[in-house]
Structure formats: structure tokens, C-alpha cells
Amino acid sequence: MDVRVGDVVQLKKAHPCGSKQWLVLRVGMDFRLRCQGCGHEVMRPRAKIEKAIKNIQRTEEPT
């Protein structure tokens, strides 16, 4: 799965604050994500996040 820093991913389950949108801050063996609703940051293993992703919203790339 091609997830890049700066992308906004929508996960299947909502965060306790109610938001399903997460900003990708770090990509590697782990993902660092920031909740778009409350700003909470988490680090989760790549395999777990890739299973939970429902949609990826790309940011504009400079050409």
C-alpha cells in the first residue's frame, strides 16, 4: 500500500473523539498518525494500520 507523509487516511473505526480522519506524520515499519479531530498522536505497526485503512486522500504534489 502506497501511503506517504502528509496524506490523510480514513480508518474503518472512529477515534473516541468521533473523527475517522488521520494525518500521516511518519511512515516506516510503524506509522505515526495525528487525529484530525482532537490532535492526539499515536504510533501503530504498519500491518495494523494498512488493514484498518478505508480511504486515502492525497495531498497535492509539486510538479
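Attention now goes to the sheet that holds strand β3 (residues 30-35). Spatial strand order, β4-β3-β2-β1-β5: five strands in an open sheet with antiparallel pairing. Where the open sheet ends on each side, the last strands, each with one partner, are β4 (41-45) and β5 (53-57). Going from strand to strand, the sheet's axes swing by 35° on average, the running direction of each strand aside. Pairing of strand β1 (residues 8-11) with strand β2 (residues 21-26) involves three bridges; the strand directions are antiparallel. Across the sheet, residue Gln10 finds its bridge partner in β2, namely Gln21.

Here the idea is simple: oppositely charged side chains can pair when their charged atoms come close. The full count for this structure, using the stated rule, is six salt bridges. In this structure, the salt-bridge partner of Arg32 is Glu41, at a minimum N-O distance of 3.0 Å. Between Glu41 and Arg34 there is a salt bridge, with its nearest N and O atoms 2.7 Å apart. The network of salt bridges with shared partners includes Asp2, Arg4, Asp7 and Arg58.

Structurally, Val27 can be placed in the loop between β2 and β3. Residue Val27 is classed as partly exposed on the basis of its relative accessible area of 30%. With 24 residues separating them along the chain, Val27 and Val3 place their C-alpha atoms 7.5 Å apart. Residues within four places of Val27 in sequence aside, it is in contact with Val3, Arg4, Val5 and Arg46.

Let us now look at the nonpolar core. With eleven residues, the main nonpolar core is built from Val3, Val9, Leu11, Trp22, Val24, Phe31, Leu33, Cys35, Val42, Ile49 and Ile53. Listed by contribution, the elements that provide at least two residues to this core are β1, β2 and β3. At three residues, β3 tops the list of elements feeding residues into this core. With sequence-adjacent residues up to four places away left out, Val3 is seen in contact with Val9, Val24, Val27, Phe31, Ile53, Ile56 and Arg58.

Here is what the cut-offs are and how they apply
- Residues numbered from 1 in each chain as written.
- Predicted model: local features only at pLDDT ≥ 70, side-chain atom pairs only at ≥ 80, totals over all residues.
- Heavy atoms only, no water.
- Pairing = 2+ DSSP bridges.
- Helix = DSSP H or I, 4+ residues; strand = E, 2+ residues; numbered from the N terminus.
- Axes fitted to C-alpha atoms, helices over the stretch in contact; angles between N-to-C directions.
- Salt bridge = Lys/Arg side-chain N within 4 Å of Asp/Glu carboxyl O.
- Buried < 20%, exposed > 50% of the residue type's maximum accessible area, 1.4 Å probe, protein only.
- Contact = heavy atoms within 4.5 Å.
- Core = buried A, V, L, I, M, F, W, Y, C linked by side-chain atoms within 4.5 Å.

Any functional reading would require information that these geometric values do not contain.
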